[in-house]
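Geometric and topological summary
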Amino acid sequence: MTTRSNPVVTSGSGARNRGRKVAVIGSGSWGTTFAKVLSDAGCDVTMWARRPEVANEIQVARRNSQYLPGINLPKNLKATGDLAVALTGAQLVFLAVPSQTLRQNLLDLEPYLDRRSVLVSLVKGVEKTTTMRMSEVITDTLDIGPERIGVVSGPNIALEIAKEQPTGAVASCVDLHVAQEIATACSAPYFRSYVNTDVIGTELGGVLKNLIALAIGIVDGVGYGENTKAAIITRGLAEMTEFAVASGADPATLSGLAGLGDLIATCQSPLSRNNTAGRLIGQGYSQEETREQMQQTAEGITSVPPVLELARERGIVMPIVEQVQMVLSGTMAPKHLGPHLATEDDVPRPELTLGGAHPSRWQRFLNRMKGHPA
Ligand SMILES: NC(=O)C1=CN([C@@H]2O[C@H](COP(=O)(O)OP(=O)(O)OC[C@H]3O[C@@H](n4cnc5c(N)ncnc54)[C@H](O)[C@@H]3O)[C@@H](O)[C@H]2O)C=CC1
Ligand SMILES: O=C(CO)COP(=O)(O)O
């Protein structure tokens, strides 16, 4: 499995993207921002918006005032409410809708999809009813091969990127050549795209960091300081890595942009919706009140139950995510999230990192403690 993320040189990508037709499905904060990145990279971009008034505002006023206030969009960016128009001739189709609607959106777009086009998920959630990752939902719905399915993920807070503040991301596909095509399409001067072939790790990094960002928001809302948050981020990365590796990911991916990078951005940024949702819950708002206050998608809240279900199936213990679930369901007070980090064991645990907290290593440690052979 190829694990290293190799940079795609950004200079000259405009020339390489000349004439490259791409579509972006979804016109919320990330869909609109990513469309700007693709457009600034030289692609011929058409966005699809569910609401005609959003498509119209983008097309006519070059603005998406609900999601990206104050941002001027590129003049050559097109927007439509008609899927057929958006998809005609599109070689790459970027998906930026909420995870729970993706399946239906795919069914809607299927009749207009070119059989050679590549679908690229920008979505950072899992389907609640099936526990599937988004690339799995694509395979399940459209019956297309993995060489036509990609993922882009990284530390990508939309509003910062819309302001052209520099960052990077990883474009992933099992076919390295396709990953390079995707990365080239989204290599703008302020957006550096790397490639790998670890779709599972790249995709799960984006899903799992949202759960840890919820925990960070919760303890922030309680009023705990930097030590608590640093402990949660560090142990959170170990949890993310163990889960991802048990799902077939390469551990190296989780220490890259799609793992650690995105974890840092989401846990630190007050612009993160997951972080914000956690903070409201930590301040004592109910899950319902939090949903009402949030105008945008906070994928983490929906992903907690399916991720825990998968963790149980795979024999993985995720103490932080379990505690987030208890706080969300009202069975644990937010102020208890931090103190429960490491107090469950009779024998103090070794600090196992980078996917090393697998039960077999823990068992070997316990055996040594009891004087048994390792
Ligand atoms: N905003 C960000 O900074 C980033 C978001 N993402 C991911 O991108 C995905 C989309 O998130 P955002 O654009 O941020 O959310 P958003 O809340 O800003 O926008 C969601 C968009 O989906 C549309 N939508 C809602 N229901 C729909 C349906 N049934 N069919 C089609 N469209 C529907 C909304 O009208 C809106 O345009 C999420 O999985 C998120 O985790 C990934 C990277 C960065
Ligand atoms: O994925 C993101 C940053 O990479 C956006 O995070 P939020 O969905 O929490 O805003």
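None of the values given here were measured: they were computed from a predicted structure.

All right, on to the packing of helix H5 (residues 102-109) against helix H6 (residues 134-142) then. Relative orientation of the contacting elements H5 and H6 amounts to 40°, with a least axis distance of 10 Å. Overall, the two elements H5 and H6 adopt an arrangement that is oblique. For the crossing formed where H5 meets H6, the hand is right-handed. For the pair H5 and H6, contact is made by Leu-102, Arg-103, Leu-106 and Leu-107 and by Met-134, Val-137, Ile-138, Asp-140, Thr-141 and Leu-142, respectively. Partitioning the contact of H5 with H6 into residue classes produces seven nonpolar, one polar and two charged.

This next bit is on the site of ligand 2. Close to ligand 2 lie Lys-124, Gly-154, Pro-155, Asn-156, Ile-157, Lys-209, Asp-262, Thr-266, Ser-272, Arg-273 and Asn-274. Lys-124 places a polar side-chain atom, nitrogen or oxygen, 2.9 Å from an oxygen atom of ligand 2. Between an oxygen atom of ligand 2 and a side-chain N or O atom of Lys-209, the distance comes to 2.8 Å. Considered on its own, ligand 2 offers 310 Å² of accessible surface; in the complex 92% of this is hidden by protein. Broken down by secondary-structure element, the contributors of at least two residues to the shell around ligand 2 are helix H12 (257-268) and helix H13 (273-282). Considering only residue class, the shell around ligand 2 consists of two nonpolar, five polar and four charged. When we break the shell around ligand 2 down by domain, the ones giving at least three residues each are domain 1 (6-197) and domain 2 (204-369).

Note that Met-318 resides in the loop between helix H15 (299-313) and helix H16 (319-328). Separated by 83 residues in sequence, Met-318 and Arg-235 have C-alpha atoms that sit 9.6 Å apart. The residues touching Met-318, leaving out its near neighbours within four places in the chain, are Leu-208, Glu-239, Phe-243, Val-307, Leu-308 and Ala-311.

Moving on, we get to the site of ligand 1. Around ligand 1, 24 residues are found, and the nearest of them are Ser-29, Arg-50, Ala-158, Thr-297 and Glu-299. In this structure, Asn-156 approaches ligand 1 through a main-chain N or O atom, which is 3.2 Å from an oxygen atom. The element contributing the most residues to the shell around ligand 1 is helix H2 (residues 29-40), with three residues. When grouped by side-chain class, the residues that make up the shell around ligand 1 number ten nonpolar, nine polar and five charged. Domain assignment of the residues forming the shell around ligand 1 places at least three in each of domain 1 (6-197) and domain 2 (204-369).

Attention now goes to the pattern of salt bridges. Evaluated as defined, the whole model comprises 15 salt bridges. In this structure, Glu-164 and Lys-36 form a salt bridge, with 2.5 Å as the shortest nitrogen-oxygen distance. Pair noted here: Glu-164 is in the loop between helix H7 (158-162) and strand S8 (167-172) and Lys-36 is in helix H2, with a separation of 128 residues, a long-range link. Accessibility expressed as a relative area gives 41% for Glu-164, which makes it partly exposed. Relative accessible area serves as the criterion here: at 4%, Lys-36 is assigned to the buried category. Put simply, Asp-140 and Arg-103 hold a salt bridge, and the shortest N to O gap is 2.9 Å. One end of the pair, Asp-140, is in helix H6; the other, Arg-103, is in helix H5, and 37 residues separate them in sequence. You can call Asp-140 partly exposed: its relative accessible area is 44%. Overall, the relative accessible area of 22% leaves Arg-103 in the partly exposed class.

Looking at the secondary structure, you find Gly-125 in the loop between strand S6 (118-121) and H6. Given the relative accessible area of 1%, Gly-125 is considered buried. Each C-alpha atom of the pair Gly-125 and Gln-100 lies 8.1 Å from the other, and the pair is 25 residues apart in sequence. In this view, Gly-125 contacts Ser-99, Met-134, Val-207, Glu-299 and Ser-303; residues no more than four positions away in its chain are not counted.

Nonpolar side chains in soluble globular proteins tend to be buried together. Counting residues in each nonpolar core, the largest one holds 43 residues, and the members touching the most others are Phe-34, Leu-38, Val-45, Phe-94, Val-152, Ile-182 and Phe-191. Those residues in contact with Ile-182 that lie beyond four places of it in its chain are Leu-92, Phe-94, Val-118, Val-120, Gly-150, Val-152, Ala-171 and Ser-172. Judged by nonpolar contacts, the second largest core, of 41 residues, contains Leu-214, Ile-232, Phe-243 and Ala-298.

Our next topic: the UniProt feature "binding site: NADPH" (unreviewed entry) in the chain. Per the UniProt record, "binding site: NADPH" (unreviewed entry) is found at Ser-29, Trp-30, Arg-50, Arg-51, Tyr-67, Lys-124, Ala-158, Arg-273 and Glu-299. In this fold, Arg-50 is placed in the loop between strand S3 (44-48) and helix H3 (52-61). Since its relative accessible area comes to 67%, Arg-50 is described here as exposed. Once you skip the residues sitting within four places of it in the chain, Arg-273 turns out to touch Ser-29, Met-294, Gln-296, Thr-297 and Ala-298.

The sites that UniProt annotates as "binding site: sn-glycerol 3-phosphate" (unreviewed entry) are Lys-124, Gly-154, Lys-209, Asp-262, Ser-272, Arg-273 and Asn-274. Mapped onto the fold, Ser-272 is located in the loop between H12 and H13. In this structure Ser-272 touches Ile-157 and Thr-266, once residues within four positions along its chain are discounted. Within the secondary structure layout, Arg-273 lies in helix H13.

A word on the domain arrangement of the chain. Annotation of the chain at the domain level lists domain 1 (6-197) and domain 2 (204-369). Measuring from the centre of the C-alpha atoms in domain 1 to the corresponding centre in domain 2 gives 27 Å. Opposite the 26 residues of domain 1 that make contact, domain 2 presents 24 residues. Of all residues in domain 1, Lys-124, Thr-131 and Ile-157 bury the most surface against domain 2, accounting for 30% of the area lost on that side. Applying the counting rule to domain 1 against domain 2 returns one salt bridge. Lys-124 is the partner of Asp-262 in a salt bridge, and the nearest nitrogen-oxygen pair spans 2.7 Å. Secondary structure elements with two or more residues in the side of domain 1 that touches domain 2: H7, S8 and strand S9 (191-196). Examining the composition of the side of domain 1 that touches domain 2, we find that three residues originate from one element, S8, more than from any other.

Reading guide: rules and limits
Residues numbered from 1 in each chain as written. Chains lettered and ligands numbered in written order. Predicted model: local features only at pLDDT ≥ 70, side-chain atom pairs only at ≥ 80, totals over all residues. Heavy atoms only, no water. Axes fitted to C-alpha atoms, helices over the stretch in contact; angles between N-to-C directions. Helix = DSSP H or I, 4+ residues; strand = E, 2+ residues; numbered from the N terminus. Parallel < 35°, antiparallel > 145°, perpendicular 65-115°, else oblique. Left-handed = near helix turned anticlockwise from the far one by under 90°. Contact = heavy atoms within 4.5 Å. Nonpolar A, V, L, I, M, F, W, Y, C, P; charged D, E, K, R; others polar. Near = heavy atom within 4 Å. Polar contact = N/O pair within 3.5 Å; in protein donor to acceptor, adjacent residues only side chain to side chain. Areas by Shrake-Rupley, 256 points an atom, 1.4 Å probe, with all protein chains shown as cover. Domains from an automatic or database assignment. Salt bridge = Lys/Arg side-chain N within 4 Å of Asp/Glu carboxyl O. Buried < 20%, exposed > 50% of the residue type's maximum accessible area, 1.4 Å probe, protein only. Core = buried A, V, L, I, M, F, W, Y, C linked by side-chain atoms within 4.5 Å. UniProt positions renumbered as here; feature names shortened; annotations may be inferred. Buried area = accessible area lost by both parts, 1.4 Å probe.

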